[in-house]
Amino acid sequence: MPAPTALRRLLPKPPLWVKPPLWVAMYHSVTPITDAADDPYRVTVSPVRFARQLHWLGDRGLRGVSVRELLAATAAGRAKGLVGLTFDDGYADFLDSALPLLRRHGFTATVYVLPGRLGGENAWDAEGPRKRLLDEDGILRIAEAGMEIGSHGLTHVRLTECDDAELAAETRRSRELLEELTGDPVDGFCYPYGDVDGRVAHAVRKAGYRYASAIDPGPLTGAYALPRVHIGEDDTPWRLTAKRVLHPLRRRHPVDLFPPQDAPAVVGAP
């Protein structure tokens, strides 16, 4: 597995000229589910279901990789058969539940963490059960295992509602803290709640990130608003097949995932 710094050399600075659609799966928590009430936001996948989903990828000759690796491979024309795997919120259960299964398959992933809530819990989920978040040691262990560490902001707030000072802290300061912790460059950002507009995307680029993950950014789709496919407990093999088939049809704008050299980095950015 190439080291993060080696992969970073392969990842050109935006803008990057490639064609969509990349297929990036969005996960959150991997832990046993005993009751539907335990997962009101549909952010949890049981280890058994997750294992079956990884088998589904492997059986089709697909390999799960981090977003950094996926973009580097795309730039080099080597992305065939690669699927991006992402985990939002930085839940501590990734370490014991998701990581062993990923390593068993030879997969990597991007884990978006919250340096302002290290070792804390998901207090933003008012109706959901409390879930423990990764602490410094957990993040380092995940990075040492070959996973990409990305920022999910400092504290999981809606960035579109932040003033300029708070937006700068959530983007730039979170990156600085993670780089101090891991000693590696942090290239990726993930928008909490998937909320992004031109101002927020511009702030992420200004903070020094090379890409950002969204959910369904519509006309903002680009290097700083990569669309992703939500994967949950209900995603059996036939549902995964349907999502993969329909993905190119749902991602028809813009024509190019990344804009050419003479175009703005993000449509609508100030």
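Rules used throughout
The numbers attached to residues start from 1 for each chain and follow its sequence in the written order. pLDDT decides what is reported in this predicted model: residues at 70 or higher carry local features, side-chain atom pairs at 80 or more are listed and counted, and totals for whole chains, interfaces and linings draw on all residues regardless. To obtain the side-chain values, all non-hydrogen atoms of the structure were included, while hydrogens and water were left out. Helix and strand assignments follow DSSP, with helices taken as H or I runs no shorter than four residues and strands as E runs no shorter than two, numbered in order from the N terminus. Under the scheme applied here, a residue whose accessible area is under 20% of the maximum for its type counts as buried, over 50% as exposed, and between as partly exposed, the area being computed with a 1.4 Å probe on protein chains only. Any two residues having at least one pair of non-hydrogen atoms within 4.5 Å are treated as being in contact. Only the protein chains shown count as cover for residues, and the accessible areas themselves come from Shrake-Rupley with a 1.4 Å probe. To estimate the expected span of a helix, subtract one from its residue number and multiply by 1.5 Å. Consider a residue and the seven residues that end there alongside the seven that start there; fitting an axis to each set, the bend is the angle between those axes. Polar contact criterion, stated in full: a pair of N or O atoms within 3.5 Å, where within protein one must be able to donate a hydrogen and the other to accept it, and residues adjacent in sequence count only if both atoms are side-chain atoms. Any carboxyl oxygen of Asp or Glu within 4 Å of a side-chain nitrogen of Lys or Arg constitutes a salt bridge here. Among the buried residues, those of types Ala, Val, Leu, Ile, Met, Phe, Trp, Tyr and Cys that are joined through side-chain atoms within 4.5 Å form a nonpolar core. The rule is short: rings of Phe, Tyr and Trp, with Trp giving its six-membered ring, pair when the centres are within 6.5 Å, and they are stacked under 30 degrees, edge-to-face over 60, tilted in between. We call a charge positioned over a ring when the NZ of a Lys or the CZ of an Arg lies within 6 Å of the ring centre and within 35 degrees of the ring normal.

Caption draft 1: View of the overall build of the protein. Counting secondary structure elements, the protein contains 8 helices and 10 strands. Relative to its full complement of 270 residues, the protein shows a buried share of 54%. Look at the contacts in the protein between residues 6 or more apart in sequence, and 68% of them connect residues 24 or more apart. For the protein, the exposed area adds up to about 11,800 Å²; of that, 52% sits on carbon and sulfur atoms.

Caption draft 2: Examining helix α6 (residues 164-182) more closely. The end-to-end C-alpha distance of α6 is 27 Å, a good match for the 27 Å that 19 residues give at a rise of 1.5 Å each. By the largest-angle criterion, R173 marks the main kink of α6, which is about 25 degrees. When α6 is considered as a whole, its buried residues turn out to be L167, A168, E170, T171, S174, R175, L178 and T182. Regarding α6, its N-cap is D163, as a side-chain oxygen of that residue lies 3.2 Å from the backbone nitrogen of A165 further along. Directly beyond the C-terminal end of α6, a positive phi value near 75 degrees is found at G183.

Caption draft 3: Here's a closer look at the environment of P248. You can see P248 is positioned in helix α8 (residues 237-250). When its relative accessible area of 38% is taken as the criterion, P248 is described as partly exposed. Here the alpha-carbon distance between P248 and L22, two residues 226 residues apart in the chain, equals 8.6 Å.

Caption draft 4: Geometry of the environment of A98. Here A98 shows up in helix α4 (residues 93-105). Taking relative accessible area as the criterion, A98 reaches 0% and is therefore assigned buried. A98 sits 52 residues away from S46 along the chain, and the two C-alpha atoms are 9.6 Å apart. With sequence-adjacent residues up to four places away left out, A98 is seen in contact with V30, F50, F87 and D93.

Caption draft 5: Quick peek at the pattern of salt bridges. Taken as a whole and assessed by the stated rule, the structure comprises 12 salt bridges. Between R68 and D187 there is a salt bridge; the shortest N-O distance is 3.4 Å. One end of the pair, R68, is in helix α3 (residues 67-75); the other, D187, is in the loop between α6 and β8 (188-190), with 119 residues separating them in the sequence. The buried category is assigned to R68, whose relative accessible area is 5%. Residue classification places D187 among the buried residues on the basis of a relative accessible area of 0%. R199 is paired through a salt bridge with D164; the nearest N and O atoms lie 2.8 Å apart. Of this pair, R199 sits in helix α7 (residues 198-206) while D164 sits in helix α6, placing them 35 residues apart in sequence.

Caption draft 6: A look at the nonpolar core. Among the nonpolar cores identified, the biggest contains 55 residues, and F50, L57, L85, F87, F94, L102 and Y191 are the most heavily contacted of them. Elements supplying a minimum of two residues to this core: β1 (24-27), α2 (47-59), β5 (82-87), α4, β6 (110-113), α5 (136-144), α6 and α7. A total of 6 residues in this core trace back to one element, the largest contributor, which is α4. In contact with L102, other than residues within four places in its own chain, are F50, L54, L85, F87, F94, F107, A109 and M147. With 13 residues, the next largest nonpolar core counts V24, V65, A79 and Y112 among its residues.

Caption draft 7: Inspection of unusual backbone geometry at higher detail. Backbone geometry places H156, a non-glycine residue, at a positive phi of 65 degrees. Among the structural elements, H156 can be located in the loop between β7 (148-151) and α6. You will see that Y193, though not glycine, has its phi angle at about 65 degrees, which is positive. Inspection of the secondary structure assignment puts Y193 in the loop between β8 and α7.

Caption draft 8: Representation of the packing of aromatic side chains. Going through the model one piece at a time under the given rule, you end up with 7 aromatic pairs. Ring geometry for F87 versus F94: centroids 4.9 Å apart, planes at 70 degrees, classification edge-to-face. The class for F87 is buried, based on a relative accessible area of 1%. Between F189 and Y191, the aromatic rings sit 5.6 Å apart at their centres with planes inclined by 70 degrees, giving edge-to-face as the arrangement. Like F189, the residue Y191 is buried in the burial classification. Grouped by ring-pair contacts, the aromatic residues Y27, F50, F87 and F94 constitute a single cluster. Against the face of Y193 rests R158, its NZ or CZ located 3.9 Å from the ring centre. A cation over an aromatic ring shows up here: R175 above the ring of Y209, its NZ or CZ 5.7 Å from the ring centre.

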